[in-house]
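Summary of structural features
Spelled out from the first residue to the last, the chains are:
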Amino acid sequence: MSSRPRWVAVQNGMAARVFLAFLATAGLFYVNIMPAIVDGLKEGLNFTDRQAGFAASANVYGAAVGALLIVFIIRRLRWRPVAYGLLLALIAMDLLSMLVSLPDAMIAIRFAHGFIGGALVGTGFSVIARTENPDRTFGVLLFIQFGLGGVGNLFIPRLVPIFGTDVLFFSLIAFSLATLTMIPFLDQYPVDEKSKTPKNKAPSSLPGLPIALVLISIFLFQAANNGLFAFIIGLGKHSGLTLDFITVVLAASGWVGLLGAALVIVFHTRFGRFLPLAAGIVLTLGATWALLFSESKSIFFFANSVIGITWAFVMSYLLGLVSAFDRTGQMAALGGFASKMGLATGPLVGGFLLGDNNYTLLIYLAVVGLAISAAASLIPARIKDTPETITPRAPSASPANLD
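Residues numbered from 1 in each chain as written. Predicted model: local features only at pLDDT ≥ 70, side-chain atom pairs only at ≥ 80, totals over all residues. Heavy atoms only, no water.

Moving on to the packing of helix α13 (residues 274-290) against helix α14 (residues 297-324). One can describe the packing of α13 onto α14 by two numbers: an axis separation of 8 Å at closest approach and a directional angle of 150°. By the angle between their directions, the pair α13 and α14 is classed as roughly antiparallel. Of the two possible hands of crossing, α13 and α14 adopt the one that is left-handed. Contact residues: Pro-276, Leu-277, Gly-280, Ile-281, Leu-283, Thr-284, Ala-287, Thr-288 and Ala-290 in α13; Ile-299, Ala-303, Val-306, Ile-307, Thr-310, Phe-313, Val-314, Tyr-317, Leu-318 and Leu-321 in α14. Here the contact of α13 with α14 is built from residues that sort into 15 nonpolar, four polar and no charged. (Axes fitted to C-alpha atoms, helices over the stretch in contact; angles between N-to-C directions. Helix = DSSP H or I, 4+ residues; strand = E, 2+ residues; numbered from the N terminus. Parallel < 35°, antiparallel > 145°, perpendicular 65-115°, else oblique. Left-handed = near helix turned anticlockwise from the far one by under 90°. Contact = heavy atoms within 4.5 Å. Nonpolar A, V, L, I, M, F, W, Y, C, P; charged D, E, K, R; others polar.)

Okay, empty space enclosed by the protein next. Under the defined criterion, the tally for this structure stands at four cavities of 30 Å³ or more. Contributing to the lining of the largest cavity are 33 residues, with Val-31, Asn-32, Phe-146, Phe-229 and Trp-311 lying nearest its centre. Of all elements in the fold, only α2 (29-32), α6 (103-128), α7 (134-163), α10 (208-229), α12 (243-267), α14 and α15 (330-354) reach the threshold of two or more residues within the lining of the largest cavity. Per-element accounting of the lining of the largest cavity gives the leading share, seven residues, to α7. For the lining of the largest cavity, the residue count by class is 19 nonpolar, 13 polar and one charged. Taken as a whole, the second largest cavity encloses approximately 100 Å³ of empty space. What lines the second largest cavity is Tyr-30, Met-34, Ile-37, Leu-41, Ala-55, Ala-56, Asn-59, Met-106, Arg-110, Phe-169 and Leu-172. Taken together, the elements giving at least two residues each to the lining of the second largest cavity come down to α3 (34-45), α4 (49-73), α6 and α8 (166-182). (1 Å grid on protein atoms, 1.4 Å probe; cavity = no way out; pocket = protein on both sides within 12 Å on 5 of 7 lines; lining within 4 Å. Points joined across faces, edges and corners; volume = space filled by probe spheres on them.)

The next thing to look at is the pattern of salt bridges. Counting across every chain of the model gives three salt bridges. A salt bridge links Asp-39 to Lys-237; the nearest nitrogen and oxygen atoms lie 3.3 Å apart. Placement of the pair is Asp-39 in helix α3 and Lys-237 in helix α11 (residues 232-238), with a sequence separation of 198 residues. Residue Asp-39 is classed as buried on the basis of its relative accessible area of 5%. By relative accessible area, Lys-237 is classed as partly exposed at 34%. The closest approach of N and O atoms between Glu-43 and Lys-237, which form a salt bridge, is 3.6 Å. (Salt bridge = Lys/Arg side-chain N within 4 Å of Asp/Glu carboxyl O. Buried < 20%, exposed > 50% of the residue type's maximum accessible area, 1.4 Å probe, protein only.)

Another point: a nonpolar patch on the surface. Taken together, Val-65, Leu-69, Phe-111 and Phe-115 make up a surface patch of nonpolar side chains, about 310 Å² in accessible area. Elements represented by at least two residues in the nonpolar patch include exactly α4 and α6. Relative to the helices and strands, Leu-69 is located in helix α4. (Patch = residues over 30% accessible without salt bridge, like charges linked within 9 Å, V, L, I, M, F, W, Y side chains within 5 Å. Areas by Shrake-Rupley, 256 points an atom, 1.4 Å probe, with all protein chains shown as cover.)

Okay, here's the thing in structure tokens:
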């Protein structure tokens, strides 16, 4: 029982889900505005495609290391003081980023920033895994990420030529400051006795193969999507589209992506996980392939909009799926590690492959990655569907459970 005043956010209510979503987003929000950051480094500091891609990847690889570290110590942490300290450290690193203009220095600083942010996101994921219906909270998380990411991708690329690259880091600082104000309103979310049960069992009590398959699926889905997303502004420009049109499309795709997150919040596991994941990844694959025809404004808009919806939709289910195998939060944090490794690897590989604007190869590689991701996710999804589509179906339809 929490000793804090009763006017704080209800532990599993919608306000708490929103605050937890900000907590789990703050350390990795730069991913949602990565096209703006990559293009901003190129336009504002004259970085090459490879240098900008390396800086973006270093940020997320650092996050992956931080997320992996948190997996091993999350049981023993008091998450609230840790979150305060990590948020303040993030702000300091963003301020430091404003002082450098050389690629090597920027890459090093962004790696350190990512390490701090990854630890924060891993902490947020582990707390979310202790809530009721973490799938819904992950849906809220993706809802916020795509909504605010759309705003960032609309305005930031237009502001960089006026205010320089500092606007990139000011936007991240603003998000961290907003999150700081939300932490006092969250409950304690301790690891209760039920969630400690797996800790007292043999390691074999956790199904290794299904968890490994989900982690592989998360990695490939994120790598395929972000490897293309990081360079989507360049793809649009190469296809003859204007910057104003591209930024509007990116904003719209982020806002349309809210629909994908909202569907997860509403449906939860009412229709299981197998069918939603299969449909979502196949749609993502088709829309990614359609980007081969980006010279058409309508196709570029439609494909990005579909990817926006399915990216939020599929990732909510994948993160909820890995959390369902372990309620202590350790597997959720490990899922966060796989996600960040994918988010980092995509732009890194993309930076190597682009060369002389080789976007066709990048698109085909993304399609292959998505196909393998679909195959890897469906076996564990079927395993979890067997018990979860029988008993929870009736209560999940009740308005009382749509908190």
